[in-house]
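In case you want the letters, here they are:
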Amino acid sequence: MFLIYSLIMILFSISIFKFASYYNIALDKDFSKPQAIHKLSKPRILGLPVFAILVYLFISKHLIFVYFLLVLFSIICSFPGLLDDFGINIRPSLRFIFQALFISSLFFLSDSLNPIDKLDFLPSIFDNYIFLNFFTIFAILTIANSFNFMDGCNGLIILYSLLIFFVLLTLSNNYFLSIFCILLIIYLTIILFFNFPNAKAFLGDFGAYFLGFILSFLVIYVSNNKDLLNFDLNEWFFATLFLYPSFEIFTTITRRLISLKSPFYPDNLHFHSILYRLLASKFGNKEANYSTSLIIFLINILILISLFFIPINYYYLNYLIGFALFFLLRSFLKNKLFKLGLQK
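Residues numbered from 1 in each chain as written. Predicted model: local features only at pLDDT ≥ 70, side-chain atom pairs only at ≥ 80, totals over all residues. Heavy atoms only, no water.

Observations concerning the overall build of the protein
Operational definition: Counting from the N terminus, the helices are DSSP H or I runs at least four residues long and the strands are E runs at least two residues long. For a compact globule the rule gives 2.2 Å times the number of residues to the power 0.38, and the radius of gyration it is set against comes from C-alpha atoms. For each residue, the accessible area found with a 1.4 Å probe, counting protein chains only, is set against the maximum for its type, and the residue is called buried under 20%, exposed over 50%, and partly exposed in between. Working rule for contacts: check all heavy atoms of both residues, and any pair within 4.5 Å makes them a contact. Note on areas: Shrake-Rupley, 1.4 Å probe, and residue coverage restricted to the protein chains presented here. Charge convention: Lys and Arg are scored as positive, Asp and Glu as negative, and His as well as the terminal groups of each chain are ignored. To locate a charge, take atom NZ for lysine, CZ for arginine, CG for aspartate or CD for glutamate.
In terms of regular secondary structure, the protein is built from 14 helices and 2 strands. Rg of the C-alpha trace for the protein: 20 Å, near the compact-globule value of 20 Å for 344 residues, within the 12% margin. Projecting the C-alpha coordinates of the protein onto the three principal axes gives extents of approximately 50 × 50 × 40 Å. Every one of the 344 residues in the protein was classed for burial, and the buried ones make up 53%. Contacts in the protein between residues far apart in sequence, at least 24 positions, make up 74% of those at least 6 positions apart. Accessible surface computed for the protein: about 16,400 Å², of which carbon and sulfur atoms make up 70%. Mean positive and mean negative side-chain charge positions of the protein (23 and 16 charges, respectively) differ by 14 Å.

Considerations on the environment of Leu-340
Looking at the secondary structure, you find Leu-340 in the segment after helix H14 (315-339). A C-alpha to C-alpha distance of 8.8 Å links Leu-340 and Leu-278, two positions 62 residues apart in sequence.

Side note on the packing of helix H3 (residues 65-77) against helix H9 (residues 204-224)
Any two packed helices are characterised by how steeply their axes cross, that is the angle between the axes, and by the distance between the axes. The condition is simple: In this analysis an axis means a line fitted to C-alpha atoms, helices contributing only their contacting stretch, and an angle means the value between N-to-C directions, from 0 to 180 degrees. Handedness of a crossing is defined here by the sense of rotation of the near helix relative to the far one, left-handed for an anticlockwise turn of less than a right angle and right-handed for a clockwise turn. Asp, Glu, Lys and Arg are counted as charged, while Ala, Val, Leu, Ile, Met, Phe, Trp, Tyr, Cys and Pro are counted as nonpolar; the rest, among them Gly, fall into the polar class.
Running from N to C, H3 and H9 point in directions that differ by 145 degrees, and their axes come no closer than 8 Å. H3 and H9 meet at a crossing whose hand is right-handed. Where H3 approaches H9, its residues Val-66, Tyr-67, Leu-70, Val-71, Phe-73, Ser-74, Ile-75 and Cys-77 are matched on the opposing element by Phe-206, Phe-210, Phe-213, Ile-214, Phe-217, Leu-218 and Tyr-221. Residues belonging to the contact of H3 with H9 are distributed by class as follows: 14 nonpolar, 1 polar and no charged.

Points about the pattern of salt bridges
This is how it is decided: Each salt bridge in this description consists of a side-chain nitrogen of Lys or Arg and a carboxyl oxygen of Asp or Glu lying within 4 Å of one another.
What the rule picks out here adds up to 3 salt bridges. Here Arg-95 makes a salt bridge to Asp-84, at a shortest N to O gap of 3.4 Å. Of the two residues, Arg-95 is situated in helix H5 (residues 92-109) and Asp-84 in helix H4 (residues 79-85); the sequence distance between them amounts to 11 residues. For the pair Arg-95 and Asp-84, one class covers both residues: buried. When the shortest N-O distance is used, the salt bridge between Arg-95 and Asp-205 registers 3.7 Å. Linking Arg-95 in helix H5 with Asp-205 in helix H9, this pair joins segments that are 110 residues apart in sequence. Per residue, the accessibility class of Arg-95 equals that of Asp-205, and both read buried.

Quick look at unusual backbone geometry
Note the cis peptide between Phe-196 and Pro-197, where omega equals 0 degrees. With respect to the secondary-structure elements, Pro-197 resides in the loop between helix H8 (175-195) and H9.

What to know about the side chain of Arg-95
Defined as follows: Polar contact criterion, stated in full: a pair of N or O atoms within 3.5 Å, where within protein one must be able to donate a hydrogen and the other to accept it, and residues adjacent in sequence count only if both atoms are side-chain atoms.
Of the residues examined, Arg-95 reaches a relative accessible area of 9% and is grouped as buried. Separated by 3.5 Å, the side chain of Arg-95 and the backbone oxygen of Ile-90 make a polar contact. In this view, Arg-95 contacts Pro-80, Gly-81, Asp-84, Ile-90, Asn-148, Asp-205 and Tyr-209; residues no more than four positions away in its chain are not counted.

A few points about the confidence of the model for the protein
Stated formally: Per-residue confidence from the predictor is reported as pLDDT, a score between 0 and 100.
When pLDDT is averaged along the protein, the result is 86; 92% of the residues meet or exceed 70. The secondary structure element of the protein with the lowest average pLDDT is strand S1 (residues 27-28), at 70, and the one with the highest is helix H7 (residues 156-171), at 95.

Structural notes on H14
Note the cut-off: Expected helix span is given by 1.5 Å per residue-to-residue step, counting one fewer step than there are residues.
Taking 1.5 Å of rise per residue, 25 residues should cover 36 Å, and H14 covers 36 Å from first to last C-alpha, within 8% of that figure. For H14, the elements touching its buried residues are helix H10 (235-241), helix H11 (243-258), helix H12 (271-283) and helix H13 (285-306). Immediately beyond the C-terminal end of H14, within one or two residues, lies Gly-341, with a positive phi of roughly 70 degrees.

Things to note about H13
Every α-helix carries 3.6 residues per turn, so stepping three or four residues along brings you back to the same face. With 22 residues, H13 should reach 32 Å at 1.5 Å per residue; the first-to-last C-alpha distance of 32 Å fits that figure. Those residues of H13 that fall on the buried side of the exposure criterion are Ala-288, Asn-289, Thr-292, Ser-293, Ile-296, Phe-297, Ile-299, Asn-300, Ile-303 and Leu-304.

Examining the packing of helix H6 (residues 129-150) against H9
Axis separation between H6 and H9 bottoms out at 8 Å; the angle between their running directions is 145 degrees. At the point where H6 passes H9, the crossing takes the right-handed sense. Between H6 and H9, the contacting residues are Thr-136, Ile-140, Ile-143, Ala-144, Asn-145, Phe-147 and Asn-148 on the first element and Asp-205, Ala-208, Tyr-209, Leu-211, Gly-212, Phe-213, Leu-215, Ser-216, Phe-217 and Ile-220 on the second. Here the contact of H6 with H9 is composed, by residue class, of 11 nonpolar, 5 polar and 1 charged.

Listed below in C-alpha cells is the structure:
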C-alpha cells in the first residue's frame, strides 16, 4: 500500500514541478518583499501534491471518513493561498472570513469533529460550547496563518510538520491514525527533496496554509479523542506541539501593532529572519538558509523531548519556558544584528 502510494506521490510531484518549471507557472518573483530571502525565481507548487492524498483517501478502504474530511477542508481553507500563488491576491480580511466560515462548517457537518471540548487552565465560566467554539476557530486560524508567517527558509515548515506528525505517530495506538500520519510523512519527505537544503521549488501560501490547517484539525481531533494515544496527555502537551508557530505569530502581531502597522504588514523581524541574516553575514546566503531551518528544528526537538521527562502537571511550565527561550534568543540575536548594522 505505502509503496504504491509513494510512487504515485513521487511521480505526481515530479510532474507538477517539471510542468511549472517549463511553463514558468506560479513563480515567486517578488524579491522586494521585506521578508524575502531567496534571490532566484522558483515555482510555488509543493502544496499541490496534497490533491493526490485526497484522491487516495477517497478510494482507499484503509481509512475512515473523518481523515478524508480533514484533508478536504484543509484544502478548501487553503484555497485563497492557492489563488495568491498563481498571482490572484485576496485581501487578508477576506481570507480570514472565508477560512472561518469553512472551519465552522466542518464542525457542523461532521459528528466526529468537534471544537476543543475542554480547557482546564481557564475558569469554569469559559467552559461552555459558545466560547470553546470561538476559541477553537481562533486557534486554528492563528496556527494556520502562523505557518504562513514561518515560511521563508528552506525546509523550515516541512521539517516542523514532519516533527509533529512523527510525535503523533509515535504516540498513536490507533491503526487509522497511524496510517494517516504515515501518508502525510511520506508526502512531506518527498517534497523535502525539492525544498531542502537547496530549494528547487517552494511550498507557497497554499502549501503553508494546508500544513497549518491539517495539523490544527488533526491535533484538535486527537486531543478530543485521547483514546487514540498511548499516553494520558493534557492540553499543554498539544499546545507545545505548536509552540514555535504560536510564538512567531504572537510576537509578530504584537510588534506590528506597537509600530501602528497592520498585523498583516510584512517585515523581516521574524525569529528565522533575524537568525538567517546573522548566519548569512558569516557563512553566506546558501549555508545560512538551510542552517536556520536546522537550528530551529533542533530547538523544537529538544523542547518536545523534555516533555517526556517531566510530570504531566508541569507541562505548562515547559511551554512557558520554551516560549521564554525563544523570546530571549530573539532579543539577543536582534541586538547583535543591530550592533553589526545588519538591521535592514
